[in-house]
Amino acid sequence: MVPTVDTKPTLPLDDAPAPTAPRLPAVTERFVLHWGEMGARWGVNRTMSQIHALLFVTGRPMHADELCEQLGVARSNVSTSLRELQGWGLVKVVHLLGDRRDHFETSGDVWDLLRTIVRGRKQREFDPTIQALRDCLAHPELGRESAVSRQRITETLVLMETTSAWVDEMLRLPPETLVKIMKLGARIQGLLRGKAKS
C-alpha cells in the first residue's frame, strides 16, 4: 500500500493569516466603541478611550497583549495610550500572582472617575487659561488696549475664577451630596421655568 501524500501547498509562517481578535460580548463592544467615539469628540485619542472603557466595563485587570487582542489595535498604540491614562490617574499597574507581566486596571467607581477626569481637565485646560488671563491683565501694555478689550478680559477672568472655585467645591463633596445638589438644581430649574411661563 502506497502512503498518501498531502499535496496542498503550505503557507510559510510569515504568510499565515493573522489571528482575529476574540469578539467581545455585544453590549460590551457597543459600550467600548461608543466610549471611543465620545472620547474622539472630546479631543481624546480613540484607542485611549476604548482601553479605559474596556477596563471599566469588564471590571478586571488586563495586560497589554490582551488589550491589543480584544481591541484589535497595535501594541505601540496600546502602550502609548496606557502611559497617557496613567498620567491622567485613570489607570494603574497591578500584578497578579504567577504572572510577571504588568496588568492594568481602572476604578470601578464612576464618581471617582468623574472627579479624576474633571480634576485633570481643570489642571490641563482651565488653570492655564486663568493664569493667561491674569497675565493679560497684569501686562504693562494693558493700558494701550481698548476699554472694551480690558472689560471683556476682566469679565472672562471673573467667570473662569468663579467656575473654578465652584468646581473645586464640588470635587470635595461626597457623591451622595452631589446627587442631592443635582436633584435640587433640577427642581429649582423647574420652578424657575414655571414662574417664567406664568
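Just so it is clear, the model here is predicted, and its values are computed rather than measured. (Residues numbered from 1 in each chain as written. Predicted model: local features only at pLDDT ≥ 70, side-chain atom pairs only at ≥ 80, totals over all residues. Heavy atoms only, no water.)

S.K.: Run through the side chain of Thr106, naming residues and quoting values.
M.R.: Residue position: Thr106 is located in the loop between strand 3 (99-105) and helix 5 (110-138). A polar atom in the side chain of Thr106 sits 3.0 Å from the side chain of His52. Only 2.6 Å separates the side chain of Thr106 from the backbone oxygen of Leu90, close enough to count as a polar contact. Ignoring sequence-local partners within four residues, the contact set of Thr106 consists of His52, Leu55, Phe56, Leu90, Val91 and Leu113. (Helix = DSSP H or I, 4+ residues; strand = E, 2+ residues; numbered from the N terminus. Polar contact = N/O pair within 3.5 Å; in protein donor to acceptor, adjacent residues only side chain to side chain. Contact = heavy atoms within 4.5 Å.)

S.K.: Any details on a nonpolar patch on the surface? Residues and values, ideally.
M.R.: There is a patch of nonpolar side chains on the surface, built from Leu184, Ile188 and Leu192 and spanning about 270 Å² of accessible area. Its place among the elements puts Leu184 in helix 7 (residues 175-197). (Patch = residues over 30% accessible without salt bridge, like charges linked within 9 Å, V, L, I, M, F, W, Y side chains within 5 Å. Areas by Shrake-Rupley, 256 points an atom, 1.4 Å probe, with all protein chains shown as cover. Salt bridge = Lys/Arg side-chain N within 4 Å of Asp/Glu carboxyl O.)

S.K.: Outline the environment of Asp102, listing residues and values.
M.R.: Residue position: Asp102 is located in strand 3. Along the sequence, Asp102 and Ala64 sit 38 residues apart, while their C-alpha atoms lie 7.7 Å from each other. Residues contacting Asp102, with those up to four places away along its chain left out, are Met62, His63, Ala64, Val93, Val94 and His95. Looking at Asp102, its side chain comes within polar contact range of the side chain of His95, at 2.8 Å.

S.K.: Talk me through the pattern of salt bridges; I want residue IDs and the actual numbers.
M.R.: Tallied over the entire structure, the rule returns 10 salt bridges. Notably, a salt bridge pairs Arg134 with Glu161, separated by 2.8 Å at the nearest N-O pair. In this pair, Arg134 sits in helix 5 while Glu161 sits in helix 6 (residues 147-172), placing the two residues 27 residues apart along the sequence. Of the residues examined, Arg134 reaches a relative accessible area of 39% and is grouped as partly exposed. In this structure Glu161 comes out as partly exposed when scored by relative accessible area, which is 30%. Salt-bridge contacts for Arg172 lead to Glu169; the nearest nitrogen and oxygen are separated by 2.7 Å. Here Arg172 pairs with Glu169, and both are found in helix 6, just three residues apart, close to one helical turn. According to the relative accessible area criterion, Arg172 is exposed, its value standing at 58%. Given the relative accessible area of 44%, Glu169 is considered partly exposed. (Buried < 20%, exposed > 50% of the residue type's maximum accessible area, 1.4 Å probe, protein only.)

S.K.: Tell me about the packing of aromatic side chains, and please be specific about residues and values.
M.R.: Using the criterion set out here, one finds three aromatic pairs in the structure. With centroids separated by 5.9 Å and ring planes inclined at 5 degrees, the aromatic side chains of Phe31 and Trp35 adopt a geometry described as stacked. Taken together, the residues Phe31 and Trp35, both in helix 1 (residues 26-41) and four residues apart, mark about one turn of the helix. Look at Phe31 and you get partly exposed, because its relative accessible area is 29%. The partly exposed category is assigned to Trp35, whose relative accessible area is 30%. The ring of Trp88 carries Arg124 above its face, with NZ or CZ at 3.9 Å from the centroid. (Phe/Tyr/Trp six-rings, centres within 6.5 Å; stacked < 30°, edge-to-face > 60°. Lys NZ or Arg CZ within 6 Å of the ring centre and 35° of its normal.)

S.K.: Pulling in residues and values, what's your account of the confidence of the model for the protein?
M.R.: When pLDDT is averaged along the protein, the result is 88, and 87% of the positions lie at 70 or above. Summarising per-element confidence for the protein, the mean pLDDT is lowest in helix 7 (83) and highest in helix 2 (residues 46-58) (97). The low-confidence segment residues 2-19 (pLDDT under 50) makes two contacts with residues lying over four places distant or belonging to another chain. (pLDDT = per-residue confidence, 0-100.)

S.K.: Tell me about the packing of helix 1 against helix 2, residues and numbers included.
M.R.: At a minimum axis distance of 8 Å, the contact between helix 1 and helix 2 shows a crossing angle of 145 degrees. Crossing of helix 1 against helix 2: the hand is right-handed. From helix 1, Thr28, Phe31, Val32, Leu33, Trp35, Gly36, Glu37, Gly39 and Ala40 reach across to helix 2, where they touch Arg46, Ser49, Gln50, His52, Ala53, Leu54, Phe56 and Val57. (Axes fitted to C-alpha atoms, helices over the stretch in contact; angles between N-to-C directions. Left-handed = near helix turned anticlockwise from the far one by under 90°.)

S.K.: Describe in detail the pairing of strand 2 (residues 92-96), supporting the description with residues and values.
M.R.: Sheet analysis places strand 2 next to strand 3, joined by four bridges and oriented antiparallel. Paired with Leu96 across the two strands is Asp99, which belongs to strand 3. Here strand 2 folds back onto strand 3 in antiparallel fashion, the turn holding two residues, of which Gly98 has a positive phi close to 80 degrees. (Pairing = 2+ DSSP bridges.)

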